[in-house]
Amino acid sequence: MDLKVGRKTLLDPDAVEYQWIRTLASDGSTDEMINHSIRRCLGGNEDTADKIRRVALGIAPMAELLRSLPTQY
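Before going into details, it helps to say that this report is about the structure given with it. Just so it is clear, the model here is predicted, and its values are computed rather than measured.

**Thoughts on the overall build of the protein**
When you go through the protein residue by residue, the secondary structure sums to 5 helices and 0 strands. Each helix and strand of the protein, placed in order from N terminus to C terminus, yields the pattern α-α-α-α-α. Computed over C-alpha atoms, the radius of gyration of the protein comes to 11 Å, within 12% of the 11 Å expected from 2.2 N^0.38 for 73 residues, which places it in the range of a compact globule. Projected onto its principal axes, the C-alpha coordinates of the protein cover approximately 35 × 20 × 20 Å. Within the protein, buried positions represent 33% of all 73 residues. Averaging the locations of the 10 positively and 11 negatively charged side chains of the protein gives two centres separated by 4 Å.

Next comes the structure, spelled out in structure tokens:
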């Protein structure tokens, strides 16, 4: 998985990382482009990137992302 952001960041809906994702979406980036950018900049695999994007855009609950992370994360 190797995420470059910590749990505290992922739990903060106002984190700059989530704001960045929302900006990408509002600028017209496709889901695939956003997921690719998340993987490149924040780390993680394809599934994790998609969940982060969905949480940032309010499509999925934070709990969905947290359930997919390792328990020690």
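**Overview of the pattern of salt bridges**
Opposite charge on two side chains permits them to pair, given that their charged atoms come into close proximity. With the rule as written, the count across this model stands at 4 salt bridges. Put simply, Arg53 and Asp50 hold a salt bridge, and the shortest N to O gap is 2.6 Å. Placement of both Arg53 and Asp50 in helix α4 (residues 46–56) is noted, with a separation of 3 residues, approximately one turn of the helix. Note on Arg53: relative accessible area 5%, which makes it buried. On the basis of relative accessibility, which here comes to 24%, the residue Asp50 falls in the partly exposed class. The salt bridge involving Glu64 is made with Arg54; its shortest N-O contact spans 3.8 Å. Placement of the pair is Glu64 in helix α5 (residues 62–68) and Arg54 in helix α4, with a sequence separation of 10 residues. Taken together, the shared-partner salt bridges in this structure form one network comprising Asp31, Asp50 and Arg53.

**Examining helix α2 (residues 16–26)**
Three or more residues of α2 are buried, namely Tyr18, Ile21 and Leu24. Along the axis of α2, the buried positions cluster into a sector of 115°, meaning they face one direction only. Facing away from the buried side of α2 by more than 90 degrees, the exposed set consists of Val16 and Ser26. The secondary structure elements touched by the buried residues of α2 are α1 (7–11), α3 (31–42), α4 and α5. Gly28 sits one or two residues past α2 and shows a positive phi near 100°.

**Some remarks on the nonpolar core**
By size, the foremost hydrophobic cluster in this structure holds 16 residues, and its most contacted members are Leu10, Tyr18, Ile21, Ile38, Ile52 and Leu65. Taken together, the elements giving at least two residues each to this core come down to α2, α3 and α4. The leading source of residues in this core is α4, at 4 residues. Beyond its immediate chain neighbours, meaning those up to four positions away, Tyr18 contacts Thr9, Leu10, Asp12, Pro13, Ile52, Val55, Ala56, Met62 and Leu65.

What counts, and where the lines are drawn
- Residues numbered from 1 in each chain as written.
- Predicted model: local features only at pLDDT ≥ 70, side-chain atom pairs only at ≥ 80, totals over all residues.
- Heavy atoms only, no water.
- Helix = DSSP H or I, 4+ residues; strand = E, 2+ residues; numbered from the N terminus.
- Rg over C-alpha atoms; globule rule 2.2 N^0.38 Å.
- Buried < 20%, exposed > 50% of the residue type's maximum accessible area, 1.4 Å probe, protein only.
- Lys, Arg positive; Asp, Glu negative; His and termini not counted.
- Charge placed at Lys NZ, Arg CZ, Asp CG, Glu CD.
- Salt bridge = Lys/Arg side-chain N within 4 Å of Asp/Glu carboxyl O.
- Arc of directions from axis to C-beta.
- Contact = heavy atoms within 4.5 Å.
- Core = buried A, V, L, I, M, F, W, Y, C linked by side-chain atoms within 4.5 Å.

Keep in mind these values describe shape, not function.
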